[in-house]
Amino acid sequence: KQEVTQIPAALSVPEGENLVLNCSFTDSAIYNLQWFRQDPGKGLTSLLLIQSSQREQTSGRLNASLDKSSGRSTLYIAASQPGDSATYLCAVRDDKIIFGKGTRLHILP
Amino acid sequence: GAGVSQSPSNKVTEKGKDVELRCDPISGHTALYWYRQSLGQGLEFLIYFQGNSAPDKSGLPSDRFSAERTGGSVSTLTIQRTQQEDSAVYLCASSLVGGPNTGELFFGEGSRLTVL
């Protein structure tokens, strides 16, 4: 059974720092992995989708990498801003779409 | 439409009443998913529709929960005889296709259900 883990559960960093969020999964036979952000009281906003054949995807200040063999993905956020404060979730797709519980990120002004 | 639309955004009901939650996916998306998010918890899969195939109902927590998708578009999640533990945010998502070749998953803003 696929399990998705995100560590840490919460993270606070000063504005301007680069940071890395982690996502690990137990079964490497996935089709893709997607990163989302969720603001309080809102739905999930898609950030990046990485297909199983890809190693990374980039969008603006965000870069997501995928290492299927080790069951890991990272989301790199460059030059963090207070507006980046949110909960970040990763989801892997095999026969189902399984979500991690997220990392709550707080950027300190 | 431009995005996944859910209604109502907020619903307060009394224990024992039935509720219906609606999801209008992005036009042309064949895959539709319902998830539940309880306070401080992760996303719990409920049900998945793919085109005209039989839905995957494996995540429905009890027989009080049901969902249908009419004409391959709009979906309704029905909760009968609501209980306080049903209080949660119900999220709907759609993607262009499902299965191995799926595209990006897009979520609606959710329907917050409070059962008194």
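Residues numbered from 1 in each chain as written. Chains lettered and ligands numbered in written order. Predicted model: local features only at pLDDT ≥ 70, side-chain atom pairs only at ≥ 80, totals over all residues. Heavy atoms only, no water.

A. Quick look at the interface of chain A and chain B. Taken together, the contact pairs 18 residues of chain A with 22 residues of chain B. A buried area of about 1,600 Å², summed over both sides, lies between chain A and chain B, and 52% of it is on carbon and sulfur atoms. Linking chain A to chain B there are one salt bridge. A salt bridge links A:K96 to B:D56; the nearest nitrogen and oxygen atoms lie 2.8 Å apart. For the pair chain A and chain B, the interface holds seven residue pairs in polar contact (both at pLDDT 80 or more). (Contact = heavy atoms within 4.5 Å. Buried area = accessible area lost by both parts, 1.4 Å probe. Salt bridge = Lys/Arg side-chain N within 4 Å of Asp/Glu carboxyl O. Polar contact = N/O pair within 3.5 Å; in protein donor to acceptor, adjacent residues only side chain to side chain.)

B. Structural view of the pattern of salt bridges. Following the criterion strictly, the structure yields five salt bridges over all chains and no others. The shortest N-O distance in the salt bridge between A:R61 and A:D84 comes to 2.9 Å. Taken as a pair, A:R61 in the loop between β6 (56–59) and β7 (62–67) and A:D84 in the loop between β8 (72–77) and β9 (86–93) lie far apart in primary sequence, 23 residues in all. A residue is classified by how much of its surface remains accessible, and A:R61, at 30% relative accessible area, is partly exposed. With its nearest N and O atoms 3.0 Å apart, the salt bridge here joins B:E44 to B:R36. (Helix = DSSP H or I, 4+ residues; strand = E, 2+ residues; numbered from the N terminus. Buried < 20%, exposed > 50% of the residue type's maximum accessible area, 1.4 Å probe, protein only.)

C. Layout of the pairing of strand β4 (residues 31–37) of chain B. Residues and elements named next belong to chain B. Buried residues dominate β4, accounting for seven of its seven residues. The side-chain alternation of β4 yields two buried faces, one formed by A31, Y33, Y35 and Q37 and the other by L32, W34 and R36. Pairing analysis gives seven bridges linking β4 to strand β5 (residues 43–50), with the strands arranged antiparallel. Counterpart to R36 in the pairing with β5 is E44. Turn length for the β4-β5 hairpin, with the two strands adjacent in sequence and antiparallel, is five residues, and the turn residue G40 shows positive phi of about 75 degrees. As paired strands, β4 and strand β8 (residues 88–95) are joined by seven bridges and run antiparallel to one another. Looking across to β8, one finds that R36 is bridged to Y90. (Pairing = 2+ DSSP bridges.)

D. Up close: the sheet that holds strand β6 (residues 65–69) of chain B. All names here are of chain B. A sheet is described by the order of its strands in space; here four strands give the open sequence β1-β3-β7-β6, paired in antiparallel fashion. In this open sheet, the two strands that pair with only one neighbour each are β1 (5–7) and β6. The sheet shows a mean angle of 15 degrees between the axes of neighbouring strands, direction not considered. Pairing between β1 and strand β3 (residues 19–24): three bridges, direction antiparallel. Directly across from S5, in β3, lies its bridge partner D24. (Axes fitted to C-alpha atoms, helices over the stretch in contact; angles between N-to-C directions.)

E. Spotlight on the pairing of strand β5 (residues 44–51) of chain A. Residue and element names in this part refer to chain A. The buried count for β5 comes to six of eight residues, which makes it a mostly enclosed element. By the bridge criterion, seven bridges tie strand β4 (residues 32–38) to β5 in an arrangement that is antiparallel. Within β5, the position partnered with Q34 by the bridge is L49. Linkage of β4 to β5, two consecutive antiparallel strands, is achieved through a turn of five residues, within which G41 is found at a positive phi near 75 degrees.

F. Structural view of the sheet that holds β7(A). Residues and elements named next belong to chain A. Taken together, five strands build an open sheet; the order of strands is β1-β3-β8-β7-β6 and the sheet is antiparallel. This sheet does not close on itself; its edge strands, each paired only once, are β1 (4–5) and β6. The pairing of β1 with strand β3 (residues 19–25) spans two bridges and is classified as antiparallel. What sits directly across from T5, in β3, is S24.

Any functional reading would require information beyond the geometric quantities listed.
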